[in-house]
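A structural walkthrough
Given next are the chains, with one letter for each unit.
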Amino acid sequence: MKKLAAIAVLVLVLVLVLQLVSFACPPPPDPPCPPPPPPPCEADCSPGFWKNHTEIWMGDFAADYDWMIAGLTAKGWEDNFADRWVATDMLNAAYPDANCH
């Protein structure tokens, strides 16, 4: 019976020591977060690019050439200023791989 009591005391002491060790040693810190991905590349070409490179798109948009040029050359708040961005968006959508950068 003394052996059993001695083993019980030893187990109790071992449990207490393990608990103390777990409090004494803080858990390791979390690894640092990976850096955020870079922002997406701005791949759209500007109105000026399309205005100066009509050879890329003139054949496909020949019927709309006058309207496109008027829109791409609009300045300030002219009547066709919105056409500047409509024409630019149309060309960027039609030619996503244009080398304008």
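Residues numbered from 1 in each chain as written. Predicted model: local features only at pLDDT ≥ 70, side-chain atom pairs only at ≥ 80, totals over all residues. Heavy atoms only, no water.

**What to know about the side chain of Arg-84**
Relative to the elements of secondary structure, Arg-84 occurs in helix 5 (residues 81–94). In terms of polar contacts, Arg-84 uses its side chain to reach the backbone carbonyl oxygen of Ala-74, at 3.0 Å. Non-local contacts of Arg-84, meaning those with residues more than four positions away in its chain, are made with Pro-47, Gly-71, Leu-72, Thr-73, Ala-74 and Lys-75. (Helix = DSSP H or I, 4+ residues; strand = E, 2+ residues; numbered from the N terminus. Polar contact = N/O pair within 3.5 Å; in protein donor to acceptor, adjacent residues only side chain to side chain. Contact = heavy atoms within 4.5 Å.)

**Side note on the packing of aromatic side chains**
The description of an aromatic ring pair rests on the distance of the ring centres and on the angle between the ring planes. A complete count under the given rule lists five aromatic pairs for this structure. Pairing Phe-49 with Trp-50 gives two aromatic rings, centres 5.1 Å apart and planes at 80°, and the pair type is edge-to-face. Trp-50 matches Phe-49 in its accessibility class, with the two residues each being buried. For the ring pair Trp-50 and Tyr-95, a centre distance of 5.8 Å and an interplane angle of 40° mean the geometry is tilted. Note that Trp-50 is positioned in helix 2 (residues 47–52) and Tyr-95 in the segment after helix 5, a separation of 45 residues in sequence. Given the relative accessible area of 16%, Tyr-95 is considered buried. Members of the aromatic cluster, connected to one another through ring pairs, are Phe-49, Trp-50, Trp-57, Phe-61, Tyr-65 and Tyr-95. Arg-84 extends its terminal NZ or CZ atom over the ring of Trp-85, reaching a point 5.6 Å from the ring centre. (Phe/Tyr/Trp six-rings, centres within 6.5 Å; stacked < 30°, edge-to-face > 60°. Buried < 20%, exposed > 50% of the residue type's maximum accessible area, 1.4 Å probe, protein only. Lys NZ or Arg CZ within 6 Å of the ring centre and 35° of its normal.)

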